[in-house]
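For reference, the chains in residue letters:
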Amino acid sequence: MILCENLPAMAGRLSPSDMSNEVSRPARKGIDWTIADGEVSRGSALEYFWSRWQWDFRSLVALTLGCLGLAIPFFVIYRGYVGLMDPRMERSIIVTLLLIYVFLKFPSGKRKWNDHFHWLAIIDLLLVFLAIATQIYTIWGSQIAGTERISIPILGSAVKVDYIVGLIVVGMVLEATRRSFGWSIVILCLLFLGYSLFASYFPGPLKGASATWAYLMYALYSTDQGVYGIGSEVLLSTLFLF
């Protein structure tokens, strides 16, 4: 009775041959024959499962995020079990791992990783490369050779490489903060950084001694009061326990 009532509605969507197949096909519980017919044309079972599990760019990003999600707590546990490492090196490692995770977890352009390569992904990959490069430079400077005296000429004056790397690290931290928490914290940080550079131009009690950008980068990158300072230590030793 139900099949007879639905035949007029099905006639507008099915051809006469399809209607004859639907009427003549016996109804069996638990089997969707339309799906079964579609899977037959996929080839062998090996080809079918290979096509479903083939690697693409999205899978690579997901695997990287999974590895980072395991590497960060593993590094914290390793540090607690083996003992304290060089403070600057361990803090820089945890900051770099978090930067890479954020750049991949929150890609630029308010988009998601998909099968098609988007040109905005170049920005994310460049940030990941800069995070790895600055980490290698930091380890090299603290463990192998001092980098305090290395400088390069820019616009006729010698600029220390530490200050350039510090500027890149501070920029990456601000960008990761923007992607994770929005513009509010970034604007607040920029206001304090701007005040450090232009304090001498403020009126009244706000007026103070201005810092040069070289000294600011030195304080934020090369000392224990900046990016690799108390905040990174608290993040590494306390916050990860919760």
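In this text, all values refer to a predicted model and were calculated from it rather than measured experimentally. (Residues numbered from 1 in each chain as written. Predicted model: local features only at pLDDT ≥ 70, side-chain atom pairs only at ≥ 80, totals over all residues. Heavy atoms only, no water.)

## Thoughts on the environment of Arg91
Then step 1. By the element assignment, Arg91 lies in helix α6 (residues 87-105).
Then step 2. In the structure, Arg91 is positioned 142 residues away from Glu233 in sequence and 6.5 Å away in space, judged by C-alpha atoms.
Then step 3. With residues near it in sequence (within four places) discarded, Arg91 still touches Asp224, Tyr228, Gly229, Ser232 and Glu233.
Then step 4. Engagement of the side chain of Arg91 in a polar contact is seen with the backbone oxygen of Tyr228, the distance being 3.1 Å. (Helix = DSSP H or I, 4+ residues; strand = E, 2+ residues; numbered from the N terminus. Contact = heavy atoms within 4.5 Å. Polar contact = N/O pair within 3.5 Å; in protein donor to acceptor, adjacent residues only side chain to side chain.)

## Concerning the packing of helix α9 (residues 183-197) against helix α10 (residues 213-222)
To characterise two packed helices, one gives the angle between the axes of the helices and the distance between these axes.
Then step 1. One can describe the packing of α9 onto α10 by two numbers: an axis separation of 10 Å at closest approach and a directional angle of 130°. Relative to α10, the element α9 lies oblique. Judged by the twist between their axes, the crossing of α9 over α10 is right-handed. Here Leu193, Ser196 and Leu197 of α9 lie close against α10, whose contacting residues are Trp213, Leu216 and Leu220.
Then step 2. Counted by class, the contact of α9 with α10 contains 5 nonpolar, 1 polar and no charged residues. (Axes fitted to C-alpha atoms, helices over the stretch in contact; angles between N-to-C directions. Parallel < 35°, antiparallel > 145°, perpendicular 65-115°, else oblique. Left-handed = near helix turned anticlockwise from the far one by under 90°. Nonpolar A, V, L, I, M, F, W, Y, C, P; charged D, E, K, R; others polar.)

## Observations concerning the pattern of salt bridges
Should their charged atoms come close, side chains of opposite charge can pair.
Then step 1. With the rule as written, the count across this model stands at 5 salt bridges.
Then step 2. For Arg178, the salt bridge goes to Glu175, with nearest N and O atoms at 2.7 Å. With Arg178 and Glu175 both in helix α8 (residues 161-181), this residue pair falls 3 residues apart, about one helical turn.
Then step 3. Glu175 is the partner of Arg179 in a salt bridge, and the nearest nitrogen-oxygen pair spans 2.7 Å. Highlighted residues: Arg179 and Glu175, both in helix α8, separated by 4 residues, approximately one helical turn. Of the two residues examined, Arg179 and Glu175, each falls in the buried class. (Salt bridge = Lys/Arg side-chain N within 4 Å of Asp/Glu carboxyl O. Buried < 20%, exposed > 50% of the residue type's maximum accessible area, 1.4 Å probe, protein only.)

## As for the environment of Ile136
Then step 1. For Ile136, the location among the structural elements is in helix α7 (residues 121-144).
Then step 2. In sequence terms Ile136 and Ile93 are 43 residues apart; their C-alpha atoms lie 9.5 Å from each other.

Just distances and angles here, no functional claims.
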